[in-house]
Amino acid sequence: MSRIYNFSAGPSTLPVEALEEVAGQLVDYQKSGMSLVEMSHRGKQYDAVHNETIQLLREVLQVPEGYHVLLLQGGATLQFGMVPMAFLKPGMSADYIMTGSWAKKAAEDARVVGAVTVPWDGKSCSYARIPSQQELSLNADAAYVHICSNETIGGIQWQTMPDTGSIPLVCDMSSDILSRPLAWEKIGMAYAGAQKNLAPAGMALVIMSEHMASAARTDLPAYLRYDLHIKENSLYNTPPTFVVWMTQLTLKWIKKIGGMAEIERRRDEKAGMLYSAIDNSSGYYRCPVDPASRSAMNVVWRLPSEELENQFLKQAQAEGLSGLKGHRSVGGCRASIYNAMPVEGVKTLTDFMRNFMQKNG
Ligand SMILES: *Cc1c(COP(=O)(O)O)cnc(C)c1O
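Residues numbered from 1 in each chain as written. Predicted model: local features only at pLDDT ≥ 70, side-chain atom pairs only at ≥ 80, totals over all residues. Heavy atoms only, no water.

Q: What is the right way to look at the packing of aromatic side chains in this model?
A: Note on aromatic pairs: each is described by the distance of the centres and the angle between the planes. In the structure shown here, the tally under the stated rule is 13 aromatic pairs. Through pairs of rings, three or more aromatic residues link up here, namely Tyr-284, Tyr-285, Trp-301, Phe-312, Phe-352 and Phe-356. Positioned above the aromatic ring of Trp-102 is the side chain of Lys-196, whose terminal nitrogen or guanidinium carbon lies 5.5 Å from the ring centre. (Phe/Tyr/Trp six-rings, centres within 6.5 Å; stacked < 30°, edge-to-face > 60°. Lys NZ or Arg CZ within 6 Å of the ring centre and 35° of its normal.)

Okay, structure coming up:
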């Protein structure tokens, strides 16, 4: 087996242990004579996987009592629409804090449904930083405040959750879920597409306080109703059984390596290595974001010219360092260093960066 280092932003690298477990069990699940992905989602075996996944999410993320954990389809993008449909009722307005591409996409969908207010927009600073608490002039009557905790494309991350007082905070955590413990007392709802830090594509994790859930509209088509998904334990319709299974295996892997404490240790080691390779390059590599807002999941940088960037990406690929091209909307380079990226992968990348600079500096 020769796996390369995959720095792609999503779908992205997964724990080898989880992939191997699936490979070994895919055809004949626990001697049942069939695959888990061929079984009824109403059967005992799938039910055990489903419930253990939810229980593991509660445990690893320390989700308090009174919060619902949902496994839905449609990715984070369906949540862009489901959130305003459920909570942005006629006559109300919602606050969207504009930190970059993903925050904007969420707001665009909300505008289809109702009124959106933007308490802070990072446009004037090219979305290079996260606002401070003092800069947020929130609308006291907002239905909710929406943020994107980690801008996957821009490479900025909220270091702490903002305080929104009695207004529920809704947070798109697609690219940093499971990378740090969460301040649940500040969070009304968190959601995340699966394909960055959890599993393959095809699912959205939604965690919602009972307080928020009780305010969700129920006069909507079935799939858009949070109350139905809560009542049916995310089994209102056929769940994405394969993705749920792989989420379970990822969570077991996290527990096995030492839980969130170890995830955080590795995260800081990896991000530290990469940012110091950039900072210690005498300006050859340049991270365009404010140091205090740097993402620990998606590290972005530029080289002195686009020509050098293209060379860099080509040579990196040839050395088994894949997926380092920045998003097409911003260019440059980006390394997504999610939980499953080994420390060794980032070490190989930073060695490559130093070598490249020596030869082409
Ligand atoms: C990838 C991503 C999305 C989109 O997720 P889908 O699952 O493709 O809908 C939304 N928000 C953020 C922050 C992302 O990184």
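Next comes the rest of the description.
Q: Is there a simple way to explain the site of the ligand in this structure?
A: In the neighbourhood of the ligand, 14 residues make up the surrounding shell, with Thr-77, Thr-152, Asp-172, Gln-195 and Lys-196 lying closest. Measuring from an oxygen atom of the ligand, one finds a side-chain N or O atom of Gln-195 at 2.9 Å. Lys-196 places a polar side-chain atom, nitrogen or oxygen, 2.7 Å from an oxygen atom of the ligand. When the ligand sits alone it has 390 Å² of accessible area, and the protein chains cover 87% of it. With four residues, helix 3 (residues 75-87) is the largest single contributor of residues to the shell around the ligand. Among the residues making up the shell around the ligand, the classes are represented as four nonpolar, eight polar and two charged. (Near = heavy atom within 4 Å. Polar contact = N/O pair within 3.5 Å; in protein donor to acceptor, adjacent residues only side chain to side chain. Areas by Shrake-Rupley, 256 points an atom, 1.4 Å probe, with all protein chains shown as cover. Helix = DSSP H or I, 4+ residues; strand = E, 2+ residues; numbered from the N terminus. Nonpolar A, V, L, I, M, F, W, Y, C, P; charged D, E, K, R; others polar.)

Q: Please clarify how the environment of Ile-263 should be interpreted in this entry.
A: Checked against the element boundaries, Ile-263 lands in helix 8 (residues 259-279). Considering only alpha carbons, one finds Ile-263 and Asn-339, 76 residues apart in sequence, at a separation of 6.6 Å.

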